[in-house]
Amino acid sequence: MSRRPEVRCVEEEGPLGKLIIVPKGLENVVPDTTAISGVDPKGEHTIYRGYLITDLAENANFYEAAYLFLYGQLPCEDELREIKRKIDTYRAQVPEKLFDALKLVPATHPMYYGSFGVLFLGQYYAPEWRFDDDFLYDHALRLIAQLPVIFAAGWHLSRHGTFIRPDPGLDHPRDVLRMITGRTPSDLAARAFEVSLILYMDHGFNASTFTVRVIGSTLSDMYSAVAGGIGALKGPLHGGANEKAIEMLLDAKRRAEELGKPLEEYIEEYILEKLKRKERIMGFGHRIYKIHDPRTDVAAKYIRQLKDGEWWLKVLKRAEEVMWREKRLPANIDFYTAVLYYQLGIPVPMYTPVFAMGRVVGWTAHYIEQVKNNRLIRPTEKYVGPTGLKYRPIEERCRR
Ligand code: ACO
């Protein structure tokens, strides 16, 4: 059952015609149509190009899902071979000059390496931007293949001065996880990581995708649009929440140990204290899913199979019960991937970059959809500041 609030739009006469004043945060506002992904009318399921997200995450591999997003249908064998060949080849072809440039970036949050590296690639590959299909799809595949390498290399270079080079002989998710952790992952770990990337690939007009579409609507290039998407995703109300969620869970775990209490019980007390202080519990709440985020079920299946899985699920379920009882808010995917990435041994500051490694598929697909049927996205403001002020020279206006 959906508990979406009513749309509260107000119409008003403006200087150039009727103004439609929409809810703050654009809640329930539909600025355009898309055939890429969306949530069903009841707000229960996410649909990726006609398929349930849960179906694809369970059954498809990374290349099939990426193909579906970009080209609108699942690939046949030759198409699958070709997209795999391209992504694996491009992954190993990050320009050497970019690695040199990353060495100069000070140790910082790894999301910055992503936007820096993507803008570098834009200048390197395509200083003259074009809009023909071959060009757009080729650059989408380069971004999908190379963004993970940039994040992983930036992270390791800033900490150890060296990085792990891509291996085009490995499947994309397995190689990316290897570049991040420095270990060749087990089949289970590689699949869990792959599934999380598919779960993260897209989600309608979420904040970062909308940012990408706004930048695309100015007919700027795809690299600039993706750099903007990375900036939007970094915020704790969006992709940054998976990093904040694990920090919170680990803080609760530390305190529970100090108090000699089991975390699966102490988590209730911990959350209640935070709510009392009016803090947000990261990994809870969602603009679209008001009852349940179906992506969490798929992530839970892999959490269960990895280290301490049953115990982690008890902690997560207890936290969910408390948050539902107190705030009527469900857990979102970030609460679950936070634990999954911890189990996979991914360094905490790399959690949001991993989100971006999946979401870049959706960003590039949305960029292409936007520019192929474009109109500049440019809303109108309702100015509420003062009017009628008159400029006075500094000596007059600052006289005391
Ligand atoms: N913890 C505590 N209270 C919350 C939370 C939360 N996680 N989320 C919302 N609320 C409360 C707000 O404080 C607010 O209460 P108030 O009306 O008493 O002030 C009310 O719920 C409505 O909050 P909004 O921010 O207006 O709700 P919205 O639907 O816009 O929020 C959002 C969605 C931003 C995701 C929010 O739930 C949140 O901040 N969650 C935590 C961050 C997070 O997990 N982000 C990941 C989103 S999913 C993704 O990006 C994949």
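These numbers come from a predicted model, not from an experiment.

Undergrad: Explain the pairing of strand S1 (residues 10-14) residue by residue, including any values.
TA: Relative to strand S2 (residues 17-21), S1 runs antiparallel, the two sharing five bridges. In the sheet register, Glu-11 faces S2, and the bridge partner there is Ile-20. Connecting S1 to the antiparallel partner S2 that follows it, the hairpin turn spans two residues.

Undergrad: Quick rundown of the site of the ligand? Include the residues and the values.
TA: Taken together, 21 residues lie around the ligand, and Arg-280, Ile-281, Gly-283, Phe-284 and Arg-287 are the ones closest in. Here Phe-284 contributes a backbone N or O atom positioned 2.8 Å from a nitrogen atom of the ligand. For the ligand, the protein covers 69% of the area, taking 910 Å² as the surface of the free molecule. Going through the elements one at a time, helix H14 (309-327) and helix H15 (333-343) are the ones with two or more residues in the shell around the ligand. In the shell around the ligand, the residues fall into ten nonpolar, five polar and six charged.

Undergrad: Which residues make up the nonpolar core, and what values go with them?
TA: Core analysis: the largest hydrophobic core is formed by 120 residues, its most contacted members being Phe-193, Phe-335 and Ile-346. Counting residues per element, this core draws most heavily on helix H6 (residues 133-160), which supplies 16 residues. When residues of this core are assigned to domains, at least three map to each of domain 1 (37-235 + 349-372) and domain 2 (241-343). Those residues within four positions of Ile-346 in sequence are excluded, and the remaining contacts are Leu-177, Ile-180, Thr-181, Phe-193, Tyr-341, Tyr-351 and Val-354.

Undergrad: Summarise the packing of aromatic side chains; cite the residues concerned and give the values.
TA: Within this structure, the stated rule accounts for 20 aromatic pairs. Geometrically, the ring pair formed by Tyr-125 and Tyr-223 is tilted, given 6.5 Å between the ring centres and 45° between the ring planes. You can see Tyr-125 sitting in helix H5 (residues 110-125) and its partner Tyr-223 sitting in helix H10 (residues 222-233), a full 98 residues away along the chain. Their ring planes at 55° and their centres at 4.6 Å tell us that Phe-284 and Phe-335 sit as a pair that is tilted.

Undergrad: Give me the lowdown on the domain arrangement of the chain, citing residues and values where you can.
TA: The figure often quoted for interface size is the accessible area lost as the parts come together. Split into domains, the chain comes out as domain 1 (37-235 + 349-372) and domain 2 (241-343). Opposite the 26 residues of domain 1 that make contact, domain 2 presents 22 residues. A per-residue breakdown of the area domain 1 buries against domain 2 is headed by Leu-188, Tyr-200 and Tyr-351, which together make up 32% of the total. Here domain 1 is connected to domain 2 by one salt bridge. For the pair domain 1 and domain 2, the interface holds eleven residue pairs in polar contact (both at pLDDT 80 or more). Contributions of two or more residues to the side of domain 1 that touches domain 2 are made by helix H1 (53-59), helix H8 (187-200) and helix H16 (351-372). Among the elements that line the side of domain 1 that touches domain 2, the one with the most residues is H8, at eight residues. Residue composition of the side of domain 1 that touches domain 2, by class: 13 nonpolar, nine polar and four charged.

Undergrad: So what about the packing of helix H4 (residues 96-104) against H5? Which residues, and what values?
TA: Angle between the axes and distance between the axes: these two values describe a pair of packed helices. One can describe the packing of H4 onto H5 by two numbers: an axis separation of 11 Å at closest approach and a directional angle of 140°. Where H4 crosses over H5, the handedness of that crossing is right-handed. Each of Lys-97, Leu-98, Ala-101 and Leu-102 in H4 lies in contact with H5, whose residues at this interface are Tyr-113, Phe-116, Gly-117, Phe-120 and Leu-121.

Undergrad: I'd like a description of the sheet that holds strand S3 (residues 37-39), backed by residues and values.
TA: The strands making up a sheet associate through hydrogen bonds between their backbones, and the pairing can be parallel or antiparallel. Sheet architecture is open: three strands sit in the order S3-S4-S5, paired in antiparallel fashion. Whereas interior strands pair on both sides, the edge strands pair on one side only; in this sheet they are S3 and strand S5 (51-52). Direction of pairing for strand S4 (residues 46-48) relative to S5: antiparallel, over a ladder of two bridges. Opposite Tyr-48, over in S5, you have Tyr-51 as the bridge partner.

Undergrad: Would you mind going over the environment of Gly-169 in detail, with residue names and values included?
TA: By the element assignment, Gly-169 lies in the loop between H6 and helix H7 (172-181). Gly-169 gets classed as exposed once you look at its relative accessible area, which sits at 64%. Taking the C-alpha atoms as reference points, Gly-169 and Val-361, separated by 192 residues in sequence, lie 21 Å from one another.

Undergrad: How would you summarise the side chain of Asp-175 if you had to cite specific residues and measurements?
TA: Mapped onto the elements, Asp-175 comes out in helix H7. By relative accessible area, Asp-175 is classed as buried at 0%. Excluding anything up to four places from it in sequence, Asp-175 contacts Arg-91, Pro-166, Asp-167 and Leu-170.

Undergrad: I'd like a rundown of H14, residues and numbers included.
TA: Taking 1.5 Å per residue, 19 residues should reach 27 Å; H14 reaches 26 Å between its end C-alpha atoms and fits that length. Within H14, burial applies to Gly-309, Trp-312, Leu-313, Val-315, Leu-316, Ala-319, Glu-320, Val-322 and Met-323. Buried-residue contacts for H14 involve helix H11 (241-259), helix H12 (263-276), helix H13 (295-305) and H15. Phi turns positive, to about 55°, at Arg-328, one or two residues after H14.

What counts and what doesn't
- Residues numbered from 1 in each chain as written.
- Predicted model: local features only at pLDDT ≥ 70, side-chain atom pairs only at ≥ 80, totals over all residues.
- Heavy atoms only, no water.
- Pairing = 2+ DSSP bridges.
- Helix = DSSP H or I, 4+ residues; strand = E, 2+ residues; numbered from the N terminus.
- Near = heavy atom within 4 Å.
- Polar contact = N/O pair within 3.5 Å; in protein donor to acceptor, adjacent residues only side chain to side chain.
- Areas by Shrake-Rupley, 256 points an atom, 1.4 Å probe, with all protein chains shown as cover.
- Nonpolar A, V, L, I, M, F, W, Y, C, P; charged D, E, K, R; others polar.
- Core = buried A, V, L, I, M, F, W, Y, C linked by side-chain atoms within 4.5 Å.
- Buried < 20%, exposed > 50% of the residue type's maximum accessible area, 1.4 Å probe, protein only.
- Domains from an automatic or database assignment.
- Contact = heavy atoms within 4.5 Å.
- Phe/Tyr/Trp six-rings, centres within 6.5 Å; stacked < 30°, edge-to-face > 60°.
- Buried area = accessible area lost by both parts, 1.4 Å probe.
- Salt bridge = Lys/Arg side-chain N within 4 Å of Asp/Glu carboxyl O.
- Axes fitted to C-alpha atoms, helices over the stretch in contact; angles between N-to-C directions.
- Left-handed = near helix turned anticlockwise from the far one by under 90°.
- Expected span 1.5 Å × (residues − 1).

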